[in-house]
Amino acid sequence: MPIQTEGIVLKNENIKSNYYILEIECPPIAREIRPGQFIMLKVSDDRYPLLRRPFSLYRRFSIPGKRDRIFSIIYKVVGKGTKEMTEFQKGQKIDIIGPLGNGFTPPPLPPPGNIILVGGGVGIVTLYPLTEILKDYSIYVFIGGKTEDDILCLDDFKKKSSKIYISTEDGSLGFKGTVLKLFSNIIEAKKIKNCLYIYTCGPSNMLKEFSKRLKNEDIPCQASFESRMACGFGACWGCVIKTKNSLSPYQRVCKDGPVFNLNYILWDDL
């Protein structure tokens with residue numbers, strides 16, 4: 001059940017380019033938040049920016065004497081709201097609503113088998129917590145970005161994954177091209193066998209193309225959708241997508257998602 005509460009900033013550091021990591025001590029949310037869920041963070045006490053900003057869970061962890069009290073997010077500075085966040089100071093209290101949304105679920109099949117994670121840009125951050133609940137599987141990770149500066153969480157994934165594939169659109173790191181093209185190359189070369197499940201997160205245009213690519217593959221896929229959100233709990237209907245649900249085709253990313261079966265989406269309506 002989501003709550004509105006206060007957290008205390010433990011760390012707010014620039015990790016590369018315009019990306020920052022924010023660690024927050026907030027036991028009520030840290031104990032409950034799950035992979036794929038998110039928080040709505042108040043970024044300023046001023047009237048502008050007025051709306052909260054949504055951020056997915058990156059890590060939930062403990063330090064000596066503080067078990068299940070801390071979680072972290074990674075954010076990219078893209079506007080005034082996230083620019084304000086860079087001024088958060090250690091010890092500062094911040095207003096949070098969470099945990100929100102429906103997160104990822106483990107595959108219905110038990111091991112053995114392989115799991116594939118495909119993240120575009122900051123979307124890879126949303127997928128990292130899955131490495132904890134999928135630790136009995138072999139995990140293959142595809143990380144894509146426009147440039148080397150957009151490749152996130154690489155060192156963390158190296159500790160959790162069987163194999164990592166990297167793509168950048170400008171060729172500054174790894175394969176030159178999109179992460180979807182890299183994924184297609186690896187699958188067509190049959191370098192990953194016995195794949196049970198795919199999890200993905202990224203921009204809508206990436207997910208749309210990924211959905212087309214998977215039509216010929218008999219592999220279930222859960223996708224976390226990125227969307228602009230005004231409230232975070234479904235009241236404003238500002239983040240609606242159309243699905244194949246005949247009883248309720250219009251689904252809210254914040255309330256009914258953000259995680260959906262990728263084959264569940266009607267793309268012509270996005």
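Residues numbered from 1 in each chain as written. Predicted model: local features only at pLDDT ≥ 70, side-chain atom pairs only at ≥ 80, totals over all residues. Heavy atoms only, no water.

### With respect to a nonpolar patch on the surface
Move 1: Residues Trp237, Val240 and Tyr250 make up a contiguous nonpolar surface patch of about 300 Å² in total accessible area.
Move 2: The exposure class of valine 240 is partly exposed, given its relative accessible area of 31%. (Patch = residues over 30% accessible without salt bridge, like charges linked within 9 Å, V, L, I, M, F, W, Y side chains within 5 Å. Areas by Shrake-Rupley, 256 points an atom, 1.4 Å probe, with all protein chains shown as cover. Salt bridge = Lys/Arg side-chain N within 4 Å of Asp/Glu carboxyl O. Buried < 20%, exposed > 50% of the residue type's maximum accessible area, 1.4 Å probe, protein only.)

### Structural notes on the pairing of strand S9 (residues 138-145)
The two faces of the sheet receive side chains in turn, since in a regular strand these alternate between them.
Move 1: The buried count for S9 comes to 7 of 8 residues, which makes it a mostly enclosed element.
Move 2: Inspection of the sheet shows strand S8 (residues 114-120) paired to S9 by 7 bridges, in the parallel sense. Bridge assignment links glycine 119 to a residue of S9, and that residue is isoleucine 143.
Move 3: Relative to strand S10 (residues 163-168), S9 is paired through 6 bridges, and the arrangement is parallel. Paired with phenylalanine 142 across the two strands is tyrosine 165, which belongs to S10. (Helix = DSSP H or I, 4+ residues; strand = E, 2+ residues; numbered from the N terminus. Pairing = 2+ DSSP bridges.)

### Some remarks on the packing of aromatic side chains
Move 1: On inspection of all chains with the given rule, the structure shows 11 aromatic pairs.
Move 2: Between phenylalanine 142 and tyrosine 165 the ring centres are 4.7 Å apart and the planes differ by 15°, which places this aromatic pair in the stacked class. On the criterion of sequence distance, the pair formed by phenylalanine 142 in strand S9 and tyrosine 165 in strand S10 is long-range, its members being 23 residues apart.
Move 3: Among the residues examined, tyrosine 165 registers a relative accessible area of 11% and is labelled buried.
Move 4: An aromatic cluster is defined as three or more aromatic residues linked by ring pairs; in this entry it consists of Phe142, Tyr165, Phe183 and Phe210.
Move 5: Here lysine 163 stacks its cationic end above the ring of tyrosine 165, 5.5 Å away from the centre of that ring. (Phe/Tyr/Trp six-rings, centres within 6.5 Å; stacked < 30°, edge-to-face > 60°. Lys NZ or Arg CZ within 6 Å of the ring centre and 35° of its normal.)

### Looking at the nonpolar core
Move 1: Ranked by internal contacts, the top residues of the largest apolar core, which has 35 residues, are Ile116, Phe142, Phe183, Ile198 and Phe225.
Move 2: Listing elements by their share of this core, those giving two or more residues are strand S3 (38-41), strand S7 (93-100), S8, S9, helix H6 (179-188), strand S12 (195-202), helix H7 (204-214) and strand S13 (221-225).
Move 3: The element contributing the most residues to this core is H6, with 6 residues.
Move 4: Discounting chain neighbours no more than four positions away, the residues touching phenylalanine 183 are Ile116, Val118, Phe142, Ile198, Phe210, Arg213 and Leu214. (Core = buried A, V, L, I, M, F, W, Y, C linked by side-chain atoms within 4.5 Å. Contact = heavy atoms within 4.5 Å.)

### Section: the sheet that holds S8
Within a beta sheet, neighbouring strands are joined by backbone hydrogen bonds and run either parallel or antiparallel to one another.
Move 1: Overall, mixed pairing links the 7 strands, which are arranged S11-S10-S9-S8-S12-S13-S16 in an open sheet. The outermost strands of the open sheet, each flanked by one partner alone, are strand S11 (175-176) and strand S16 (259-261).
Move 2: Here 3 bridges tie S13 to S16, and the two strands are oriented antiparallel to one another. Along S16, the bridge assignment pairs serine 224 with valine 259.
Move 3: Here H7 sits on the sheet and contacts S8, S12 and S13; the angle it forms with S12, its principal contact strand, is near 155°. (Axes fitted to C-alpha atoms, helices over the stretch in contact; angles between N-to-C directions.)

### Things to note about the packing of H6 against H7
Move 1: Packing of H6 against H7 leaves a shortest axis separation of 10 Å and a crossing angle of 20°. With respect to their mutual orientation, H6 and H7 come out roughly parallel. Helix-helix and strand crossings are classified by hand; for H6 and H7 the assignment is right-handed. Residues Val179, Leu180, Phe183, Ser184, Ile187 and Glu188 of H6 touch H7, and the partners they reach there are Met206, Glu209, Phe210, Arg213 and Leu214.
Move 2: Taken together, the residues that form the contact of H6 with H7 break down as 7 nonpolar, 1 polar and 3 charged. (Parallel < 35°, antiparallel > 145°, perpendicular 65-115°, else oblique. Left-handed = near helix turned anticlockwise from the far one by under 90°. Nonpolar A, V, L, I, M, F, W, Y, C, P; charged D, E, K, R; others polar.)

### Some thoughts on unusual backbone geometry
Move 1: In the segment running from glycine 98 into proline 99, the intervening peptide bond is cis, with an omega of -10°.
Move 2: Within the secondary structure, proline 99 is located in strand S7.
Move 3: At the junction of glycine 257 and proline 258, the peptide bond is cis and its omega measures out at 10° in the coordinates.
Move 4: Along the chain, the position of proline 258 falls in the loop between strand S15 (250-252) and S16.

### Topic: the confidence of the model for the protein chain
Any region with low pLDDT has predicted coordinates that should not be read closely.
Move 1: Chain-level statistics for the protein chain give a pLDDT mean of 91 and a share of 97% at 70 or above.
Move 2: No element of the protein chain has a lower mean pLDDT than strand S5 (residues 59-63), at 75, and none a higher one than S11, at 98. (pLDDT = per-residue confidence, 0-100.)

### Things to note about the environment of isoleucine 70
Move 1: Tracing the sequence through the fold places isoleucine 70 in strand S6 (residues 66-76).
Move 2: Here the alpha-carbon distance between isoleucine 70 and glutamate 226, two residues 156 residues apart in the chain, equals 24 Å.

### What to know about the environment of leucine 117
Move 1: By the element assignment, leucine 117 lies in strand S8.
Move 2: Not counting residues up to four positions away in its chain, the partners in contact with leucine 117 are Leu127, Leu130, Thr131, Ile139, Tyr140, Val141, Phe142, Phe157 and Tyr199.

### Here's the deal with the pairing of S7
Move 1: Of all 8 residues making up S7, 6 are buried, and the element is well covered by its neighbours.
Move 2: Where strand S1 (residues 3-16) and S7 come together, 6 bridges link them in antiparallel fashion. By the bridge assignment, glutamine 4 is partnered in S7 with isoleucine 97.
Move 3: Two strands pair when backbone bridges link them, and S3 and S7 are joined in this way by 3 bridges, in the antiparallel orientation. Counterpart to methionine 40 in the pairing with S7 is isoleucine 97.

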